[in-house]
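Geometric and topological summary
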Amino acid sequence: MCPLADAPEVMPRVMLGIGLSVAAYALFSLHDASIKWLVAVLPVWQVLLCRSAAIVAFCLAVGRGRLLARAIATPLKGALVLRGAITLAAWLCYYTAARRTPLAQLVTLYFSAPILVTVMSAPLLGERVGRGRWIAVAVGFAGVLVAADPLGIRPSRDTLLVMVAAAFWAYAIILMRRIARRESSLLQMFYSNGFFLIATAIGCLTFGWHPPAPGQMALLAFVGVVGGAAQFLLFEGARHAPASLVATFEYSSLIWAFLLGFLIWGDIPRPAVFAGAALILGAGLLLVGAERRAVLRARRLALQPAAPTPHWIGERDGT
């Protein structure tokens, strides 16, 4: 049964959450493509340090004293720091593996994350994951397999790193949804990127700093802006829609990834890419349709008049 069936009035919020999440994953695709370009010449620590510094500065410019006061007062400090640590570990694993792993294999392995989110959302968040969501997850992952054509995947250190990154990211999404019930998106961004800033600064002090060229500096600034916008949209999406629902739309980033590959590097997608993209789009439409039908059923039930009380009950009670 769909969790929305208990509150049919939340459907506009859920659709907003879906839209925000799709936009977030589109920006994350642009963000990831830029970072993949940067880590070929700069250390991962350094790229994440510059990106996190830009996002922390943005959070402070917007939230100012109120944000700092809430950061000190929040009772969820432990969960916020834990999410920051898990997300940092996921990105370090992913971008380290991205240096040597072909895009098709990288994407295919990483997209086990939405399945893990769907599996974990029931025991950890209490969400009821209906058959429609499971079907959408399966169809979406099938689309990834068709589009990426991951032939030749072999066990290796990089393969393990991508799988660990997917598991970490899935749990980070669960924590994000749990924290979003009580704290703002801006606070989550501030805590996560503040943690990244401290950890990556230690990494740069340990492993050294490579002075970036002017073009790389501009790209680092661009990554900070796009990454911050993507995080904000994703956090806001998690505030409006269940984690198991939002996770399925992460598959849409594969379409953006191949589109960016064509626009930036001139990569022409194979016919299998279009077939896989059609499956991914179908999974999203299937999911939206299933949620809408569940809400309409709930509304019809809510509008049905209650069954009349038999007259003999009143007579027996003497009323």
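Scroll up to find the structure this text is about.
Cut-offs used in this document
Residues numbered from 1 in each chain as written. Predicted model: local features only at pLDDT ≥ 70, side-chain atom pairs only at ≥ 80, totals over all residues. Heavy atoms only, no water. Helix = DSSP H or I, 4+ residues; strand = E, 2+ residues; numbered from the N terminus. Buried < 20%, exposed > 50% of the residue type's maximum accessible area, 1.4 Å probe, protein only. Contact = heavy atoms within 4.5 Å. Areas by Shrake-Rupley, 256 points an atom, 1.4 Å probe, with all protein chains shown as cover. 1 Å grid on protein atoms, 1.4 Å probe; cavity = no way out; pocket = protein on both sides within 12 Å on 5 of 7 lines; lining within 4 Å. Points joined across faces, edges and corners; volume = space filled by probe spheres on them. Nonpolar A, V, L, I, M, F, W, Y, C, P; charged D, E, K, R; others polar. Patch = residues over 30% accessible without salt bridge, like charges linked within 9 Å, V, L, I, M, F, W, Y side chains within 5 Å. Salt bridge = Lys/Arg side-chain N within 4 Å of Asp/Glu carboxyl O. Phe/Tyr/Trp six-rings, centres within 6.5 Å; stacked < 30°, edge-to-face > 60°. Axes fitted to C-alpha atoms, helices over the stretch in contact; angles between N-to-C directions. Parallel < 35°, antiparallel > 145°, perpendicular 65-115°, else oblique. Left-handed = near helix turned anticlockwise from the far one by under 90°. Disulfide = S-S within 2.5 Å.

1. Concerning the overall build of the protein chain
Helix and strand counts for the protein chain stand at 13 helices and zero strands. The secondary structure elements of the protein chain, listed N-terminal to C-terminal, are α-α-α-α-α-α-α-α-α-α-α-α-α. Looking at the protein chain as a whole, 49% of its 319 residues are labelled buried. Pairs at least 24 residues apart make up 91% of the contacts formed inside the protein chain by residues separated by at least 6 positions. Of the roughly 15,100 Å² of accessible surface on the protein chain, 71% is carried by carbon and sulfur atoms.

2. Quick word on empty space enclosed by the protein
Throughout the structure, instances matching the rule amount to one cavity of 30 Å³ or more. When its volume is computed, the largest cavity comes out at roughly 70 Å³. Around the largest cavity, the lining residues are Phe28, Arg83, Thr87, Trp91, Trp169, Ser192, Phe196, Gln231, Leu234 and Phe235. Listing elements by their share of the lining of the largest cavity, those giving two or more residues are helix H3 (77–98), helix H8 (185–207) and helix H9 (214–240). When grouped by side-chain class, the residues that make up the lining of the largest cavity number six nonpolar, three polar and one charged.

3. Some remarks on a nonpolar patch on the surface
A contiguous nonpolar patch, built from Trp37, Trp256, Leu259, Phe262, Leu263 and Ile264 and spanning about 610 Å² of accessible area, is present on the exposed surface. Per-element tally for the nonpolar patch: the top contributor is helix H11 (residues 252–265), with five residues. Tracing the sequence through the fold places Phe262 in helix H11. Phe262 sits in the partly exposed class, given a relative accessible area of 41%.

4. Remarks on the packing of aromatic side chains
Taken as a whole, this structure holds five aromatic pairs when the rule is applied. Plain terms: the ring middles of Trp91 and Trp169 are 6.3 Å apart, the flat faces sit at 25 degrees to each other, and that makes the pair stacked. Of the two residues, Trp91 sits in helix H3 while Trp169 sits in helix H7 (residues 157–180), which places them 78 residues apart along the sequence. Side by side, Trp91 and Trp169 carry an identical accessibility label, which is buried.

5. Re the packing of helix H2 (residues 44–73) against H9
Axis separation between H2 and H9 bottoms out at 8 Å; the angle between their running directions is 60 degrees. By the criterion of interaxial angle, the relationship of H2 to H9 is oblique. The two elements H2 and H9 meet at a crossing, and its hand is right-handed. In this structure, H2 contributes Val47, Cys50, Arg51, Ala54 and Ile55 to the contact, and H9 contributes Leu220, Val223, Gly224, Gly227, Gly228 and Gln231.

6. Points about the state of the cysteines
Inspection of every chain in the model, using the stated rule, returns zero disulfides. Of all cysteine sulfurs, the one in Cys204 lies closest to Cys50, which takes part in no disulfide; the gap is 7.3 Å. Exposure remark for Cys50: the relative accessible area of 21% places this residue in the partly exposed category. Among the residues examined, Cys204 registers a relative accessible area of 8% and is labelled buried.

7. So, the pattern of salt bridges
Any two side chains of opposite charge can pair, so long as their charged atoms come close to each other. All told, the structure shown has three salt bridges when counted by the stated rule. Between Asp158 and Arg157 there is a salt bridge; the shortest N-O distance is 3.8 Å. Looking at Arg157, the relative accessible area reads 51%, which means it is exposed. Between Glu236 and Arg239 there is a salt bridge; the shortest N-O distance is 3.8 Å. Taken together, the residues Glu236 and Arg239, both in helix H9 and three residues apart, mark about one turn of the helix.

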